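One letter stands for each residue in the lines below.
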Amino acid sequence: MRELREIEVSKVIANPYQPRNYFDENGIDELAKSIAENGLIQPISVRERLGHYEIIVGERRFRALQKLGYETIEAYVLDEDESGSMNKALIENVQRENLSAIEEAKAYLKIMQFQNITQSELAKQMGKSQSSVANKIRLLNLHSNIQSAVESKTISERHARALLKLPTEEYQIIALEKIIKQELNVKRTEQIIEQMLVDITKEEMINAEDMGDYYRICADERGLKVATIDNIHTVLLITHFMEEAAQADKVSDAKEKLDALQEEKDTLDADISDLQSQ
């Protein structure tokens, strides 16, 4: 049930489930000019809560009206409970508002958690492909600085998706700084990231060879044979040999203890023999 009313702007409050974190002030100014010239074409949607009206849909329009100094605003007052308000706010904003990729991804997660549904079910509900939903959500694996850059439109979603190829947040931040400083387009960004991946692989190979030399020396000291290291994957083989070496140390220690016990036994036997002969 909904009812169109004229409500006081001072009694309107934001929706805590609003998926939008970043509001472009220039965009709000443009919307305010449009409303000043043409009026509010689409009323906002709210629900009554504790003597106020909580926005369900239309926060950008509300902010524009605030800028214009409106004291009242047309709104559809909906009969929604807490869960209904959350669900409607998330879904309608994702469908209707120009959210950033990060805001959209966060909204997807909230909807999935709230409704206890899978990515596939969410994609069907939103009229999107599952891969599209999955790609958005993967962006939340990026460092918070990169997510902020996407939200503020400093970099694009495609820039951010390219950064996902890098193995650590440290490398991602290095690449982000290059993108911003050099004002790189997506194609150039992808080329730089591919080169970074090559350099990272080379560095790992060198580190693996250095570790292999250390393991080989340790193994040689124990009379074990270690295969020649050709690439990083042979570290697994080296680790196996090191485990054998550690086991060999344990066996050697045990033998030494047995030898010591045998010497003590021999000494005791000799003492007993001497006592019996007296």
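Bear in mind that the values here come from a model prediction, so they are computed numbers and not experimental data.

**Some remarks on the side chain of Glu-103**
When you line up the elements, Glu-103 lands in helix H4 (residues 101-115). At 2.9 Å, the side chain of Glu-103 forms a polar contact with the backbone nitrogen of Ser-100.

**A few points about the sheet that holds strand S1 (residues 2-8)**
Spatial strand order, S1-S5-S3-S4-S2: five strands in an open sheet with mixed pairing. A strand with exactly one partner marks an edge of an open sheet, and here the two such strands are S1 and strand S2 (12-13). Relative to strand S4 (residues 52-57), S2 runs parallel, the two being bridged by two bridges. Across the sheet, the residue bridging to Val-12 is Tyr-53, located in S4. Across the sheet, helix H2 (residues 59-68) lies against S2, strand S3 (44-49), S4 and strand S5 (72-78), angled at about 125° from S4, the strand it touches most.

**Some remarks on the pattern of salt bridges**
Evaluation of the coordinates by the stated rule reveals 11 salt bridges. Between Glu-157 and Lys-136 there is a salt bridge whose closest N-O contact spans 3.3 Å. With Glu-157 in helix H8 (residues 157-163) and Lys-136 in helix H6 (residues 130-138), this pair connects stretches of sequence that are 21 residues apart. If you follow the salt bridges from partner to partner, you end up with Glu-3, Arg-5 and Glu-48 in one network.

**Some remarks on the pairing of S4**
Across the six residues that make up S4, a large majority, five, are buried. By the bridge criterion, five bridges tie S3 to S4 in an arrangement that is antiparallel. Note that in S4 the partner of Arg-47 across the bridge is Glu-54. In this structure, the hairpin formed by S3 and S4 is closed by a connection of two residues, where Leu-50 is found at a positive phi of approximately 50°.

Reading the values: the criteria
Residues numbered from 1 in each chain as written. Predicted model: local features only at pLDDT ≥ 70, side-chain atom pairs only at ≥ 80, totals over all residues. Heavy atoms only, no water. Helix = DSSP H or I, 4+ residues; strand = E, 2+ residues; numbered from the N terminus. Polar contact = N/O pair within 3.5 Å; in protein donor to acceptor, adjacent residues only side chain to side chain. Pairing = 2+ DSSP bridges. Contact = heavy atoms within 4.5 Å. Axes fitted to C-alpha atoms, helices over the stretch in contact; angles between N-to-C directions. Salt bridge = Lys/Arg side-chain N within 4 Å of Asp/Glu carboxyl O. Buried < 20%, exposed > 50% of the residue type's maximum accessible area, 1.4 Å probe, protein only.

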